[in-house]
Amino acid sequence: IVPVIIIAYFVGFTANRGQTPGKMLLRIQVVDASGQVPKIGSVLLRETLRAVLIIFLLLGEAINNLFVIVSLTGMIGYIWIAWDAHKRGWHDYLGRTFVVRKHRPKT
């Protein structure tokens, strides 16, 4: 039941607002190519791959002989952001999404 709650949290917030509460605090948002909140299908793809990459990182050691391959796959999926021209991880490419900074409203 915990994975269902976690997926519902990330997919629900991202599909509704483009932001989880953590992204709101950091003033970042997930958007599609047109700058809008992505559609549910894109969010599901993005969050599913993101979850798989995290699981690879966390459970890689439990898979004994495949530890190096599984862990490296998870790490590269996130490290990719550092050298990608658009700062997109594998999960962003799969979901056709971007993470952008939100500007503070002028007061």
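Residues numbered from 1 in each chain as written. Predicted model: local features only at pLDDT ≥ 70, side-chain atom pairs only at ≥ 80, totals over all residues. Heavy atoms only, no water.

## Concerning the overall build of the chain
For clarity, the cut-off: Each helix corresponds to a stretch of at least 4 residues labelled H or I by DSSP, and each strand to a stretch of at least 2 residues labelled E; elements are numbered beginning at the N terminus. Type-normalised accessible area, obtained with a 1.4 Å probe on protein chains alone, sets the label of each residue: buried when under 20%, exposed when over 50%, and partly exposed for intermediate values. Throughout, a contact is declared for two residues whenever any of their heavy atoms are within 4.5 Å. In this description, accessible areas are obtained by the Shrake-Rupley approach with a 1.4 Å probe, and a residue is regarded as covered only by the protein chains that are shown.
Tallying secondary structure elements over the chain gives five helices and two strands in all. Counting the 107 residues in the chain, one finds 28% classified as buried. For the chain, long-range pairs separated by at least 24 residues make up 47% of all intrachain contacts whose partners lie at least 6 apart in sequence. Here the chain has roughly 7,400 Å² of accessible surface; of this, 70% comes from carbon and sulfur atoms.

## A short note on the confidence of the model for the chain
Definition in use: Note: pLDDT gives the predictor's confidence per residue, expressed from 0 to 100.
When pLDDT is averaged across the chain, the result is 84; 85% of the residues are at 70 or more. Of all the helices and strands in the chain, helix α4 (residues 67–83) carries the lowest mean pLDDT, 80, while strand β1 (residues 28–31) carries the highest, 94.

## A closer look at the pattern of salt bridges
Where charged atoms from two side chains of opposite charge come close, those side chains can pair. Here is the rule: Between Lys or Arg on one side and Asp or Glu on the other, a salt bridge is scored when a side-chain nitrogen of the former is within 4 Å of a carboxyl oxygen of the latter.
Summed over the entire model, instances satisfying the criterion amount to three salt bridges. Each of Arg-46, Glu-47, Arg-50 and Asp-92 takes part in salt bridges that share partners, so that together they form one network.

## Examining the environment of Gly-35
The topology assignment puts Gly-35 in the loop between β1 and α3 (40–59). Residue classification places Gly-35 among the partly exposed positions, given a relative accessible area of 44%. Put simply, Gly-35 and Val-100 are 65 residues apart on the chain and 8.8 Å apart in space, counted from C-alpha to C-alpha.

## Details of the side chain of Thr-20
Mapped onto the secondary structure, Thr-20 falls in the loop between α1 (2–17) and α2 (21–26). For Thr-20, a relative accessible area of 4% corresponds to the buried category.

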